[in-house]
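Here's the letter readout for the chains.
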Amino acid sequence: MKHYRAYMDRAALSGEAHERLMDRLQEAEDPTPRRMKRQLSRWAAAAACCALVCLTLFGVWRGVNGAGTAAPQLSNDAPPGVKDTYGPGEVTPDGQVMPVETTDPARADGDPYVLRPEGPFQEGEVHSNFALISVEYDSLPEIAASIAMPKGWFEEPLTREQMAAMLAGADGSAVPWTLSWDGYDVTGRAVYDGMGNLWRVELSGVSREDGRNSFSLTAKPGGVPEDCAVDVNQKSTEINGIQVFGSNSGRYGWDDSGALGYVYKIVLLAGNVGVRFQASNMDEEQAAMLADAAANTFARADGALCLDGLLTWGGDIPEWRSESLTLDEARAEPELGLHVPSDIPDGFTFGGASRELGQNRDYLSLWWEGYYTHISITIQRPFEEAAVMDTDDKKYYDQRLYTIPYCDSVPDEVMFGGFQDPVFRYEDLTLDVIEARLTYADSDAGDISGYRGNFTVLYPDGLVARYSVKGVTPAEMAQMLGLGPEMCEGLPVPTP
């Protein structure tokens, strides 16, 4: 009920609307005797209060029928001052008790790691809508950025009880129905560093009615969650004394139909917890509404999210390792180091190597640099079986069959069938396969001519290595892989 009362406390009526309301109340002459009139004046005051609330409660609340369902209107049959709507915890004239909790974790059927928030109103029930402060959204350019994970990081899935407790806030009340998450399946994970301290929490919601509609919530203790860079001059909206930054620069598509969805995002810091919420919806009004609802719910000085129960991991911490290596140290690594090439083409200088071991990761990365050229190799122990390419079916990996940009010339079936990063068995590699993956590109502005491409090799010992190169010929690539002299000779180098 706390969130319900909070919205009621913030209800406000403009001066113009208040004047119209008072004029309406005084329009009709009342022939009632003065004594009765004094008694009825109390009812008039009550009616004015009721009308004030009714006029200010409008906006975005949707019924439990799901996205796109219009909210029912209040009945005009009841006289002023007579209660005709009932909120959470109240009893209707027919004896029905309205639900107090907006989300009962036990009601989420099936997977215990899926939360299904629900609204406080039953299907078809008449109710009013609540006003939200609209966030000002700027259409800023998208800036791609890499997020550095903390050393030794690992993740743990969240149960629906943990998600419900986190969303309920420090007061322990129910999950805020003001988020309008009814109709969504919500899953989550907590990410910790190698010492077991919480780094961030991530929730994802997918609509059960339309899987194209989704949202994500990232919360970080003590600071704003890492994301794409935000313009320091971006305008913000103040809600309950909290600065909320909004953007709607993104669009997304799902298929070749051409239909694009809308992306609305808000970022804020409240109660020592940073929040980033992003709504992706095919309906722009719904995307904006979900982002506004999140901003109004989470922008509270006391903090609307409670991470106390997640701040420290109490279980076993996975073994981890994260360090930089020299080339000799990389080659000396057990098993992984056996696949570090001994022959590197001329013109490349060793740039560095790193060793990462942790939850679901065990790899060795190396890179070399040249003049507008590079060699990048990641050798790893796979945690799932790799989908190996059939070298007889060239349409799924041969770049020579298509033109750049590949997004326009490669069919979806091929593009999503492994074309972008095919995996080959080491014993299936030939010079022709390598040529199929290293495309020769003429010089363009700010670049140089040369071969470039990528592919992954599955070795007989079960390890895999991903190669991404620029400025390496197919013959040099074959030599790096140790395929034998017969594959490294006789390949003419094209002249620009």
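Numbering of residues starts from 1 in every chain and runs along the sequence as written. Thresholds applied to this predicted model are a pLDDT of at least 70 for local features of residues and 80 or more for the giving and counting of side-chain atom pairs; totals over whole chains, interfaces and linings are not thresholded and use all residues. Side-chain figures throughout are based on the complete set of non-hydrogen atoms in the structure, without hydrogens or water.

Draft legend 1. Representation of the overall build of the chain within the structure. Helix and strand labels come from DSSP, where a helix needs a run of H or I of at least four residues and a strand needs a run of E of at least two; each type is numbered from the N terminus. A tally of helices and strands in the chain yields 10 helices and 17 strands. The buried share of the chain, taken over its 496 residues, is 43%. Should any heavy atoms of two residues lie within 4.5 Å, those residues are considered in contact. The long-range fraction of contacts in the chain, counting pairs at least 24 apart against all pairs at least 6 apart in sequence, stands at 63%. Type-normalised accessible area, obtained with a 1.4 Å probe on protein chains alone, sets the label of each residue: buried when under 20%, exposed when over 50%, and partly exposed for intermediate values.

Draft legend 2. Up close: the pattern of salt bridges. In what follows, salt bridge is the name for a side-chain nitrogen of Lys or Arg lying within 4 Å of a carboxyl oxygen of Asp or Glu. Across all of its chains, the model carries 23 salt bridges by this definition. For D210, the salt bridge is made with R212, and the minimal N-O distance between the two is 3.0 Å. One salt bridge connects E333 with R355, and the closest N-O pair in it is separated by 3.0 Å. Of the two residues, E333 is situated in the loop between α6 (327-331) and β11 (349-358) and R355 in strand β11; the sequence distance between them amounts to 22 residues. For E333, a relative accessible area of 10% puts it in the buried group.

Draft legend 3. Summary view of the environment of S354. Mapped onto the elements of the fold, S354 is located in strand β11. Relative accessible area serves as the criterion here: at 18%, S354 is assigned to the buried category. With sequence-adjacent residues up to four places away left out, S354 is seen in contact with E323, S324, Y363, L364, S365 and W367.

Draft legend 4. Summary view of the packing of aromatic side chains. For Phe, Tyr and Trp, rings pair up if their centres lie within 6.5 Å, where Trp contributes its six-membered ring, and each pair is then called stacked (planes under 30 degrees apart), edge-to-face (over 60) or tilted (otherwise). Applying the stated criterion across every chain, the model contains 17 aromatic pairs. With 5.4 Å between their ring centres and 75° between their planes, Y406 and F419 make a pair best called edge-to-face. Taken together, the residues span a long stretch of sequence, with Y406 in helix α7 (residues 406-409) and F419 in helix α8 (residues 412-419) at a distance of 13 residues. By relative accessible area, Y406 is classed as buried at 19%.

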